[in-house]
Amino acid sequence: MAFNFGTEQQHKGSFRAEDLKFTLGGKDAVLVQQVQFTLNRTVNMLYEVGSNNVYYVGNRRQGQCQMSRVVGGNSQMVQLVKDYGDMCNPKELTLDATGNGGGKCAQAKRKYILKNATLTSIGASVTAQDIVLTENLSFIFADLDDQ
């Protein structure tokens, strides 16, 4: 007796954890646990008096990125804040899914480049159970390139 109840599942691809790489300004990210980003654009609708004509005006973009990482006694942690804390010298954040595994893993290629990112806030949390200090960082970025 088949367990699929008449609906056979199809394997369409795979993704290996080691094929995902997150870099900060071209440098490997250290102990990053979570990254989330969005890019929004403002588009306003203008109406013409005396007609049904509609116009879109806008295309200004602003991105936000949140990252959580485990803080360690490592100089790269302090350097990240120094590098991205200077709004006069923004850098790129890159999330790269390489798909280097071959076979069906090769299909999993995607790259996001968050352009001109700068740090806007820093926070931290710790739990008594784990005694792991987690740092929460927020960035803004000017544009997004996806490949």
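All values reported here derive from a predicted model rather than from experimental measurement.

A. Focus on the overall build of the chain. When you go through the chain residue by residue, the secondary structure sums to one helix and eight strands. Ordering the α and β elements of the chain from the N terminus gives β-β-β-β-α-β-β-β-β. For the chain, the proportion of its 147 residues judged to be buried stands at 22%. Taking the intrachain contacts of the chain between residues at least 6 apart in sequence as the baseline, contacts between residues at least 24 apart amount to 61%. When the accessible surface of the chain is split by element, carbon and sulfur atoms take 51% of a total near 10,300 Å².

B. Spotlight on the packing of aromatic side chains. Taken as a whole and assessed by the stated rule, the structure comprises three aromatic pairs. Seen in terms of ring centroids, Phe37 and Tyr112 are 5.2 Å apart; in terms of plane orientation they differ by 65°. Their pairing is edge-to-face. Within this pair, whereas Phe37 is found in strand β3 (residues 32–47), its partner Tyr112 is found in strand β6 (residues 110–125), the two being separated by 75 residues in sequence. Residue class for Tyr112 comes out partly exposed when judged on its relative accessible area of 24%. Pairing Tyr84 with Phe139 gives two aromatic rings, centres 5.5 Å apart and planes at 85°, and the pair type is edge-to-face. One end of the pair, Tyr84, is in helix α1 (residues 75–84); the other, Phe139, is in strand β7 (residues 134–141), with 55 residues separating them in the sequence. A relative accessible area of 1% places Tyr84 in the buried class. Connected via pairs of aromatic rings, a cluster forms that spans Phe37, Tyr112 and Phe141.

C. Seen up close, the environment of Cys65. Relative to the helices and strands, Cys65 resides in strand β4 (residues 54–70). Here Cys65 falls in the buried class, since its relative accessible area comes to 0%. It is 6.2 Å that separates the C-alpha atoms of Cys65 and Ile140, two residues lying 75 residues apart in sequence.

D. Layout of unusual backbone geometry. Of note, Asn116 is a non-glycine position whose phi angle comes to about 55°, a positive value. One non-glycine residue with positive phi stands out, namely Ile131, at about 50°. The residue Ile131 is located in the loop between β6 and β7 in this model.

E. Just a nonpolar patch on the surface, in detail. A contiguous nonpolar patch, built from Val43, Met45, Tyr47, Val54 and Tyr56 and spanning about 550 Å² of accessible area, is present on the exposed surface. Those elements that provide at least two residues to the nonpolar patch are β3 and β4. With three residues, the single largest contributor to the nonpolar patch is β3. Among the structural elements, Tyr47 can be located in strand β3. Residue class for Tyr47 comes out exposed when judged on its relative accessible area of 60%.

What counts, and where the lines are drawn
Here, residues in each chain are numbered from 1, in the same order as that chain's written sequence. Restriction of local features to residues with pLDDT of at least 70 applies here, the model being predicted, together with a cutoff of 80 or more for giving and counting side-chain atom pairs; totals for whole chains, interfaces and linings are based on all residues. In computing side-chain values, all of the structure's heavy atoms are included and hydrogens and water are not. Under the scheme used here, helices are H or I runs from DSSP no shorter than 4 residues and strands are E runs no shorter than 2 residues, and both carry numbers assigned from the N terminus. For each residue, the accessible area found with a 1.4 Å probe, counting protein chains only, is set against the maximum for its type, and the residue is called buried under 20%, exposed over 50%, and partly exposed in between. We call two residues in contact whenever any of their non-hydrogen atoms come within 4.5 Å of each other. Accessibility throughout is a Shrake-Rupley quantity obtained with a 1.4 Å probe, and a residue counts as covered only by protein chains that appear here. In this analysis, rings of Phe, Tyr and Trp, with Trp reduced to its six-membered ring, are considered paired at centre separations within 6.5 Å, and the interplanar angle assigns stacked below 30 degrees, edge-to-face beyond 60, and tilted for intermediate values. A residue counts toward a patch only above 30% relative accessible area and without a salt bridge, and it is joined to like-charged neighbours within 9 Å or, for Val, Leu, Ile, Met, Phe, Trp and Tyr, to nonpolar neighbours within 5 Å. We define a salt bridge as a contact between a side-chain nitrogen of Lys or Arg and a carboxyl oxygen of Asp or Glu at a distance within 4 Å.

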